[in-house]
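# Analysis of the macromolecular model
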Amino acid sequence: KAGVTQTPRYLIKTRGQQVTLSCSPISGHRSVSWYQQTPGQGLQFLFEYFSETQRNKGNFPGRFSGRQFSNSRSEMNVSTLELGDSALYLCASSFGDRRVGELFFGEGSRLTVL
Amino acid sequence: QQQVKQSPQSLIVQKGGISIINCAYENTAFDYFPWYQQFPGKGPALLIAIRPDVSEKKEGRFTISFNKSAKQFSLHIMDSQPGDSATYFCAALARIQGAQKLVFGQGTRLTINP
């Protein structure tokens, strides 16, 4: 069974640009969550999508957005990039409506903002 | 109330020893407590988890001890091996009207000396 796939794995952007990250969940999983990981703040929740609907959102500015498609694949977008957005962005998939809490993470997309 | 406090930040254990990592929480609404293991360059991997209706769960060399009244839980790694060297995160699941969000501790960098 394939795991969670995130693309791209690495990317470098400059301040003011925007970026789109992609996540393909485990087959059969309908929930996709996004987390930001930094050395200073640790793992912080961004948002969760279930069946194409955002169910929950963390305390991040509106520059961070996401969406989920009918095949459960998800994208997150960060607009007007700032230096502080440099981080590892992790996607996690789960069933969402059973075996609640069992989240499986991808390897992440490492974003560097210059 | 949404915090999970993890200690120690770093831990060095001799091969064959017992590694113990502790976490504490405030929010009594948390109802699922997983531990994740993360190797450099990889995403967090679900290691073991416990629900608050049990006080202990064991899987191989890994054991979670859970103290509901003290709002604390801990991970014990028996017979620690160099391959266990990684960063470990405790987490707690918050659920709001079906949505799920993991609140993570700050992580413990574990080093097992051969």
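Refer to the structure above for everything that follows.
What comes next is a walk through the structure. (Residues numbered from 1 in each chain as written. Chains lettered and ligands numbered in written order. Predicted model: local features only at pLDDT ≥ 70, side-chain atom pairs only at ≥ 80, totals over all residues. Heavy atoms only, no water.)

## Quick look at the state of the cysteines
Residue and element names in this part refer to chain A.
- Throughout the structure, instances matching the rule amount to two disulfides over all chains.
- Paired by a disulfide, C23 and C91 hold their sulfur atoms 1.7 Å apart. Taking the sign of the torsion about the S-S bond as the criterion, the disulfide between C23 and C91, at about -50 degrees, is left-handed. Taken as a pair, C23 in strand 3 (residues 19-24) and C91 in strand 9 (residues 87-94) lie far apart in primary sequence, 68 residues in all.
- Residue classification places C23 among the buried residues on the basis of a relative accessible area of 0%. (Disulfide = S-S within 2.5 Å. Helix = DSSP H or I, 4+ residues; strand = E, 2+ residues; numbered from the N terminus. Buried < 20%, exposed > 50% of the residue type's maximum accessible area, 1.4 Å probe, protein only.)

## A look at the sheet that holds strand 6 (residues 56-59) of chain B
Residue and element names in this part refer to chain B.
- The strand order 1-3-8-7-6 describes an open sheet built from five strands, whose pairing is antiparallel. With one partner strand each, in any of the chains shown, strand 1 (4-7) and strand 6 form the two edges of the open sheet. Looking at each pair of strands side by side, their axes are set apart by 15 degrees on average, direction ignored.
- As defined by bridge partners, strand 3 (residues 19-25) adjoins strand 8 (residues 72-77) across six bridges and the pair is classed as antiparallel. Considered in strand 8, the bridge of I20 is made with H76. (Pairing = 2+ DSSP bridges. Axes fitted to C-alpha atoms, helices over the stretch in contact; angles between N-to-C directions.)

## Focus on the packing of aromatic side chains
- Counting across every chain of the model gives 18 aromatic pairs over all chains.
- With centroids separated by 5.7 Å and ring planes inclined at 70 degrees, the aromatic side chains of A:F47 and A:Y49 adopt a geometry described as edge-to-face.
- Residue class for A:F47 comes out buried when judged on its relative accessible area of 0%.
- Here the aromatic rings of B:F89 and B:F104 are separated by 6.3 Å at their centres, their planes lie at 90 degrees, and the arrangement is edge-to-face. (Phe/Tyr/Trp six-rings, centres within 6.5 Å; stacked < 30°, edge-to-face > 60°.)

## Structural notes on the sheet that holds strand 7 (residues 64-68) of chain A
Residues and elements named next belong to chain A.
- Pairing in this open sheet of four strands is antiparallel, and the strands run 1-3-8-7 from one edge to the other. Two strands in the sheet have a free side with no partner beyond their single neighbour: strand 1 (5-7) and strand 7. Recorded for the sheet is a direction-independent mean angle of 15 degrees between the axes of neighbouring strands.
- Here strand 3 pairs with strand 8 (residues 74-78) via five bridges, running antiparallel. Paired with S22 across the bridge in strand 8 is E75.

## Here we look at the nonpolar core
All names here are of chain B.
- Counting residues in hydrophobic clusters, the biggest one holds 26 residues, and the most contacted among them are V4, F30, F33, W35, F73, L75 and Y88.
- Secondary structure elements with two or more residues in this core: strand 2 (10-14), strand 3, strand 4 (33-38), strand 5 (45-50), strand 7 (62-67), strand 8, strand 9 (86-96) and strand 11 (108-113).
- In terms of residue count, the dominant contributor to this core is strand 9 (five residues).
- Once residues within four sequence positions are removed from consideration, F33 is found in contact with Y25, I48, A49, I50, P52, I64, F66, F73, A91 and A92. (Core = buried A, V, L, I, M, F, W, Y, C linked by side-chain atoms within 4.5 Å. Contact = heavy atoms within 4.5 Å.)

## Examining the pairing of strand 7 of chain B
All names here are of chain B.
- One ladder, built from four bridges, connects strand 6 with strand 7; its direction is antiparallel. The residue bridging K57 from the neighbouring strand is I64, located in strand 7.
- With antiparallel pairing between neighbouring strands as the criterion, strand 6 and strand 7 make up a hairpin whose turn holds two residues, including G60 at a positive phi of roughly 65 degrees.
- Inspection of the sheet shows strand 7 paired to strand 8 by six bridges, in the antiparallel sense. Each residue of the ladder has a partner; that of F66, found in strand 8, is F73.
- Between strand 7 and strand 8, which pair antiparallel in sequence order, lie four residues; one of them, K71, sits at a positive phi of approximately 55 degrees.

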